[in-house]
Amino acid sequence: MNVNLLEGKTAVVTGAGSGMGKEIAKVFGSQGANVVLADLNEEAARRTASEMELKKRVLVVQTNVAQDDSVQDMVRQTTEAFGDAHILINCAGVPQFFTPIEELQLEEWDNIMAVNSKSIFLTTRHLVPLMKQKESGVIINIASIAGERARPGLNAYCASKGAALMLTKALALELAPYGIRVNAINPGPAETPMLGRFLPGDAQKVEEDKKKIFLDSVPLGRLIQPHDIAQAALYLSSDLAKAVTGEVLNVDGGRGV
Ligand SMILES: NC(=O)c1ccc[n+]([C@@H]2O[C@H](COP(=O)([O-])OP(=O)(O)OC[C@H]3O[C@@H](n4cnc5c(N)ncnc54)[C@H](O)[C@@H]3O)[C@@H](O)[C@H]2O)c1
């Protein structure tokens, strides 16, 4: 295992209170980065901080990635604490229950689009000026294989992740002249608290459906682990991937094939 691949870097990780964001924060901390843990759930982000192997410093900022003033405040606190930010991981997200399109409420559509895709616009617009000054930076958007391969009833979720993927490509081209790389990771069905929240029904039905709907759709026959995503994010964030931009890396056990 490589060590200290992120020495001297500061990474902002949204959604760092749970699942993949939590694991990304832990791995990045162990690789020598300062890490900003930005999550709506401040208590959960503090729990992540308490579990991290710390080589550098950690900052917890309660952040709503769907609100511009909240994101702006998180970036202000980041620059006050570290003077800089080199890496942005957009991982915060919300799921959607399987819902027929005619039953989907306007508020739910708006919330899913705001947290899963508008948030990328908001974090990027406030952090890119810092990256442009140094002519280097890395942005990774945790999208979903559902942004390429739809599932019935996940209409808003699939659309929000499709938008995240195309925004990744547009930003990769726009920011390449400034030495800023922008890539996306598409997780497949993953063993995190989110997975069960796609499914209606009681606990037993959710467990049965997780297997029937999600596990059985993965050719490698296992759910994705948060560590699988953290390893991919580490590669894309490090100089090992210095020639990689505009790329979408499926970490999905073959679900997207
Ligand atoms: N779990 C899966 O099967 C799966 C599959 C593909 C893609 N993804 C995507 O991966 C990412 C991480 O998902 P996860 O499974 O780790 O989920 P999770 O539910 O375990 O964690 C999501 C985190 O985002 C935070 N969050 C939610 N809304 C927020 C907001 N408005 N502002 C700031 N933070 C907010 C939550 O508090 C939570 O800590 C998400 O973008 C998700 O859509 C998940």
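Anyway, here's the lowdown on the structure attached to this text.

The rules we used
Residues numbered from 1 in each chain as written. Predicted model: local features only at pLDDT ≥ 70, side-chain atom pairs only at ≥ 80, totals over all residues. Heavy atoms only, no water. Helix = DSSP H or I, 4+ residues; strand = E, 2+ residues; numbered from the N terminus. Contact = heavy atoms within 4.5 Å. Axes fitted to C-alpha atoms, helices over the stretch in contact; angles between N-to-C directions. Parallel < 35°, antiparallel > 145°, perpendicular 65-115°, else oblique. Left-handed = near helix turned anticlockwise from the far one by under 90°. Nonpolar A, V, L, I, M, F, W, Y, C, P; charged D, E, K, R; others polar. Polar contact = N/O pair within 3.5 Å; in protein donor to acceptor, adjacent residues only side chain to side chain. Phe/Tyr/Trp six-rings, centres within 6.5 Å; stacked < 30°, edge-to-face > 60°. Lys NZ or Arg CZ within 6 Å of the ring centre and 35° of its normal. Core = buried A, V, L, I, M, F, W, Y, C linked by side-chain atoms within 4.5 Å. Buried < 20%, exposed > 50% of the residue type's maximum accessible area, 1.4 Å probe, protein only.

## Quick notes on the side chain of Thr168
And step 1. Note on placement: Thr168 falls in helix α5 (residues 155–175).
And step 2. If near-sequence neighbours (up to four positions away) are discounted, Thr168 is found in contact with Asn141, Val182, Asn183 and Ala184.

## Details of the packing of helix α1 (residues 19–30) against helix α7 (residues 226–237)
And step 1. Close contact between α1 and α7 brings their axes to 8 Å; oriented N to C, the two are set at 50 degrees. Overall, the two elements α1 and α7 adopt an arrangement that is oblique. Handedness of the α1/α7 crossing: right-handed. Contacts between α1 and α7 involve Gly19, Met20, Glu23, Ile24, Val27 and Phe28 from the first element and Pro226, His227, Ile229, Ala230, Gln231, Ala233, Leu234 and Ser237 from the second.
And step 2. For the contact of α1 with α7, a count of residues per class yields 9 nonpolar, 4 polar and 1 charged.

## Here's the deal with the side chain of Ser238
And step 1. With respect to the secondary-structure elements, Ser238 resides in the loop between α7 and β7 (248–251).
And step 2. Separated by 3.0 Å, the side chain of Ser238 and the backbone oxygen of Tyr235 make a polar contact.
And step 3. Among the polar contacts listed, one links the side chain of Ser238 to the backbone nitrogen of Leu240, at a separation of 3.1 Å.
And step 4. Residues within four places of Ser238 in sequence aside, it is in contact with Leu5, Leu6 and Arg181.

## Brief notes about the packing of aromatic side chains
And step 1. Counted by the stated rule, this structure contains 2 aromatic pairs.
And step 2. Taken together, Tyr157, Phe198 and Phe214 form an aromatic cluster joined through their ring pairs.
And step 3. The lysine or arginine in question, Lys132, covers the ring of Tyr178, its NZ or CZ lying 4.3 Å from the ring centre.

## As for the nonpolar core
And step 1. Judged by nonpolar contacts, the single largest core of 33 residues is most densely connected at Ile24, Phe28, Leu37, Ile89, Ile142 and Ile185.
And step 2. For this core, the secondary-structure elements that each account for two or more residues are β1 (10–14), α1, β2 (34–39), α2 (42–50), β4 (87–90), β5 (137–142) and α7.
And step 3. Looking at this core element by element, the count peaks at 6 residues for α7.
And step 4. Apart from the residues within four sequence positions on either side, Leu37 is in contact with Val13, Ala16, Ala25, Ala45, Thr48, Ala49, Met52, Val58, Leu59, Val60 and Val61.
And step 5. In this structure, Val36, Met131, Ala164 and Leu175 belong to the second largest nonpolar core, which totals 28 residues.

## Brief notes about the environment of Ser160
And step 1. Mapping Ser160 onto the fold places it in helix α5.
And step 2. On the basis of relative accessible area, Ser160 is assigned to the buried category, the value being 0%.
And step 3. As a C-alpha pair, Ser160 and Thr14 span 146 residues in sequence and 17 Å in three-dimensional space.
And step 4. Those residues in contact with Ser160 that sit more than four places away from it in its chain are Ile112, Met113, Asn116 and Ser117.
And step 5. A distance of 2.7 Å separates the side chain of Ser160 from the backbone oxygen of Tyr157, its partner in a polar contact.

Take it as geometry only, folks, not as evidence of what the structure does.
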